[in-house]
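Structural characterization, general
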Amino acid sequence: MRTSRFRFGAALGAVAILFGASACGGLGAAEDKKSGSSPVPELGSDQKVSITFESYNFGQAGPWTETFTALIKKFEQAHPNIKVTAQKPQGNSPNPAADAVSSVQNETASGNPPDVAQLGFGDLDYAVNGLGAQPLDDLVGKAEVRKNFGGAHPYATRAQTLGDWSGKTYGVPFVFSTPVLYYNADLFKKAGLDPAEPPKTWDEVAKAALAIKKKTGKDGHYSDCLTKIATDWCFQSMVRSNGGRVISEDRSELTFDQPPAVEAVEQARAMVKSGATPKLNQEQAYTEFARGDMGMILETSAVQGLFMKGSKDKWDLRATTSPGFGDKPVVPTNSGSALFVYAKDQAKQRAAWELIKFLTSDQAYTMISSKIGYLPLRTGLVDDPKGLKTWAQQNPLIKPNLDQLTRMEPWQSFPGKNYIQARNEMLDAVEKAVYQGADPKTTLQAARKQADKLLPKK
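Residues numbered from 1 in each chain as written. Predicted model: local features only at pLDDT ≥ 70, side-chain atom pairs only at ≥ 80, totals over all residues. Heavy atoms only, no water.

**Comments concerning the overall build of the protein chain**
Our working rule: Strands here mean DSSP runs of E at least two residues long; helices mean DSSP runs of H or I at least four residues long; both are numbered from the N terminus. The rule is simple: take the accessible area with a 1.4 Å probe, protein chains only, and divide by the maximum for that residue type; under 20% is buried, over 50% is exposed, in between is partly exposed. Here Asp and Glu are counted as negative and Lys and Arg as positive; His is not counted, and neither are the chain ends. By convention, the point assigned to a charge is CZ for Arg, NZ for Lys, CD for Glu and CG for Asp.
Helices and strands together make up the secondary structure of the protein chain, namely 19 helices and eleven strands. Across its three principal axes, the protein chain shows a C-alpha extent of roughly 70 × 55 × 40 Å. The buried share of the protein chain, taken over its 458 residues, is 60%. Between the mean site of the 55 positive side-chain charges and the mean site of the 49 negative ones, the protein chain shows a separation of 3 Å.

**Observations concerning unusual backbone geometry**
Its identity is not glycine, yet Arg 251 carries a phi of approximately 65°, on the positive side. Within the secondary structure, Arg 251 is located in the loop between helix H10 (233-241) and helix H11 (259-274). With a relative accessible area of 17%, Arg 251 lands in the buried category. The phi torsion at Asp 313 lies on the positive side, around 65°, for a residue other than glycine. Secondary-structure assignment places Asp 313 in the loop between helix H13 (304-311) and strand E10 (317-321).

**Regarding the side chain of Glu 288**
Formally: The term salt bridge refers to a side-chain nitrogen of Lys or Arg lying within 4 Å of a carboxyl oxygen of Asp or Glu. Every residue pair with non-hydrogen atoms within 4.5 Å of one another is taken to be in contact.
Counting through the fold element by element, Glu 288 comes out in helix H12 (residues 282-290). At 4.2 Å, Arg 291 is the nearest oppositely charged side chain to Glu 288, a buried residue that forms no salt bridge. Filtering out sequence-adjacent residues up to four positions away, Glu 288 remains in contact with Asp 219, Leu 280, Asp 293 and Met 294.

**Re the confidence of the model for the protein chain**
Rules: For every residue, the predictor assigns a confidence score, pLDDT, that lies between 0 and 100.
With 92% of its residues at a pLDDT of at least 70, the protein chain reaches an overall mean of 90. Taken together, the stretch residues 1-36 has pLDDT below 50 and engages in 179 contacts with residues farther than four places along the chain or on a different chain.

**Considerations on the packing of H11 against helix H19 (residues 440-452)**
For the record, the criterion: Throughout, an axis means a line fitted to C-alpha atoms (over the contacting stretch in the case of helices), and angles, computed between N-to-C directions, take values from 0 to 180 degrees. Orientation is classified from the angle alone, with under 35 degrees giving roughly parallel, over 145 giving roughly antiparallel, 65 to 115 giving roughly perpendicular, and any other angle giving oblique. Rotating anticlockwise by less than a right angle from the far helix to the near helix defines a left-handed crossing, while the corresponding clockwise rotation defines a right-handed one. Polar here means any residue outside two lists: the nonpolar Ala, Val, Leu, Ile, Met, Phe, Trp, Tyr, Cys and Pro, and the charged Asp, Glu, Lys and Arg; Gly therefore counts as polar.
At a minimum axis separation of 9 Å, H11 and H19 run at an interaxial angle of 130°. One way to sum up the angle between H11 and H19 is to call them oblique. Crossing angle aside, the handedness with which H11 passes H19 is right-handed. Contacts between H11 and H19 pair Ala 261, Val 262, Val 265, Glu 266 and Arg 269 from the former with Pro 440, Lys 441 and Leu 444 from the latter. Partitioning the contact of H11 with H19 into residue classes produces five nonpolar, no polar and three charged.

**Brief notes about the environment of Gln 267**
Mapped onto the secondary structure, Gln 267 falls in helix H11. Judged by relative accessible area, which is 17%, Gln 267 ranks as buried. Taking the C-alpha atoms as reference points, Gln 267 and Lys 83, 184 residues apart in sequence, are found 51 Å from one another. Residues in contact with Gln 267, not counting those within four places in the same chain, are Trp 202, Asp 203, Ala 206 and Phe 325.

**Quick word on the state of the cysteines**
Operational definition: Here, the term disulfide refers to a pair of cysteine sulfur atoms separated by no more than 2.5 Å.
Summed over all chains, the structure comprises one disulfide. The partner cysteine of Cys 225 in its disulfide is Cys 234, sulfur to sulfur 1.7 Å. Residue classification places Cys 225 among the buried residues on the basis of a relative accessible area of 0%. Relative accessible area serves as the criterion here: at 2%, Cys 234 is assigned to the buried category.

**Structural notes on the packing of aromatic side chains**
The line we're drawing: Pairing of aromatic rings covers Phe, Tyr and Trp, the last through its six-membered ring, and needs centres within 6.5 Å; plane angles under 30 degrees mean stacked, over 60 mean edge-to-face, and all others mean tilted.
Within the structure shown, the criterion is met by 14 aromatic pairs. Ring plane angle 70° and centroid distance 4.8 Å describe the contact between Phe 149 and Tyr 155, whose orientation is recorded as edge-to-face. For the residue pair Phe 149 and Tyr 155, the accessibility class agrees, reading buried in each case. Here Tyr 286 and Phe 307 contribute two aromatic rings whose centre-to-centre distance is 6.1 Å and whose plane-to-plane angle is 80°, an arrangement assigned as edge-to-face. In this pair, Tyr 286 sits in helix H12 while Phe 307 sits in helix H13, placing the two residues 21 residues apart along the sequence. Residue class for Phe 307 comes out buried when judged on its relative accessible area of 0%. Aromatic rings pair up to connect Tyr 182, Tyr 286, Phe 289, Phe 307 and Trp 315 into one cluster.

**A few points about the side chain of Asn 242**
By the secondary structure assignment, Asn 242 is in the loop between H10 and H11. You can call Asn 242 buried: its relative accessible area is 5%. Filtering out sequence-adjacent residues up to four positions away, Asn 242 remains in contact with Pro 260, Glu 263, Ala 264, Phe 325 and Lys 328.

**A short note on the sheet that holds strand E6 (residues 171-175)**
Operational definition: A pair of strands is labelled paired if DSSP reports no fewer than 2 bridges between them.
Here we have five strands laid out as an open sheet, ordered E2-E1-E3-E11-E6, and mixed in their pairing. Among the strands making up the open sheet, the edge pair consists of strand E2 (82-87) and E6. Neighbour to neighbour, the strand axes of the sheet diverge by 30° on average, direction disregarded. Pairing geometry for strand E1 (residues 49-54) and E2, over six bridges, is parallel. Paired with Phe 53 across the strands is Ala 86, a residue of E2. In the packing of helix H3 (residues 63-78) onto the sheet, the strands contacted are E1, E2 and E6, and the crossing angle to E2 comes to about 170°.

**Concerning helix H4 (residues 100-109)**
As a reminder, the rule being used: Think of the arc as the fan of directions from the helix axis to the C-beta atoms.
Looking only at H4, the buried set comprises Ala 100, Val 101, Ser 103, Val 104 and Glu 107. Projection of H4 onto a plane perpendicular to its axis shows the buried side chains occupying an angular sector of 160°, all on one side. Elements in contact with the buried residues of H4: E1, E2, strand E3 (116-120), helix H5 (124-129) and helix H18 (419-436). Backbone geometry just after H4 places Gly 111 at a positive phi near 85°.

Structure below.
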């Protein structure tokens, strides 16, 4: 299986960054005086400030760059004293999301970090402890951070703390998804399956996939939970849904070689062996599903727009919640990213906060959700006639994501400066077992031993 050029699952699947700004007075200021710090001053109306905003969305084709460019333009119109220079991460990868952390690391080392950066939740530990993200509770006041989560359409409760570390908010959750099973209702019908009753378990997915392949000649199912290119947000969901974890709750021990993870990999391996899952890379799977030549694909809603475009006037695209293992409860984890502040200058910090507030506003989420497909973290927008109500009614594909948001668990980041290499040890082992026929148990055990060496000493 050759490596894909894209990595939407971890990079785009959806995300978030939390930024808190507080006025110089009021409750926020009182709280900060208690902790011995004070929030950065607000900008004067004629105080000119220039900031950089580094986001992998600016390097993606299709609706991502277009949508975020439009948002920056609207922000500058509302804040004529703040100039925003948008930039994609520096690097050689065709997919800018893969370069996000190393780009900020290199820029920080050279003394020129971006003022605001969009980084994945799987990078949270390093974003805070390795790169030095600013704690927003200290920067703008804890009351203002909380206030930004409120408003007419408050943030979903489970989304609010995704950017927290050691009791403080460092990143404002921005955009993310949970694993969604998209499926081709036309192929279901041709295979004698009821599209009104999509699979609820992995055994049912395997059975439906084989029926589609046998009756239609099309591929049955592809999951983006099983490759390094997608990182591990979706794989974590699979393992959690089987009663396990890839890392212990206290993040002190890797556990991806334990029975629940091994069983999940064995299930996926069996689907490849039976022909229910084809040996495709991410890009090939996206293309095949979008043109109507695959029955099902488990993915982030970040690529929903791509699937909608491919299916329009050609085939019936539908979506359902992530599959589970037997009668065990499904535990969806989130993809995506948060917005972090790395500015050191107080005026830039305040301007950065204003940008974050705007990018996580009702107006921004209305655009982001309707044009890209990410979850509106201000979920009340889907019931607001002036927000996303009409769009949500016309796009039932959003419903599985909203349903899973109420029971979502956070995507856990690996600790230490070598966390990416440790994570890749795990995902390389998963790929070898699923697509190359290696024994799941021994392969995962060997990978865990290697990954242990890359983590901080206990």
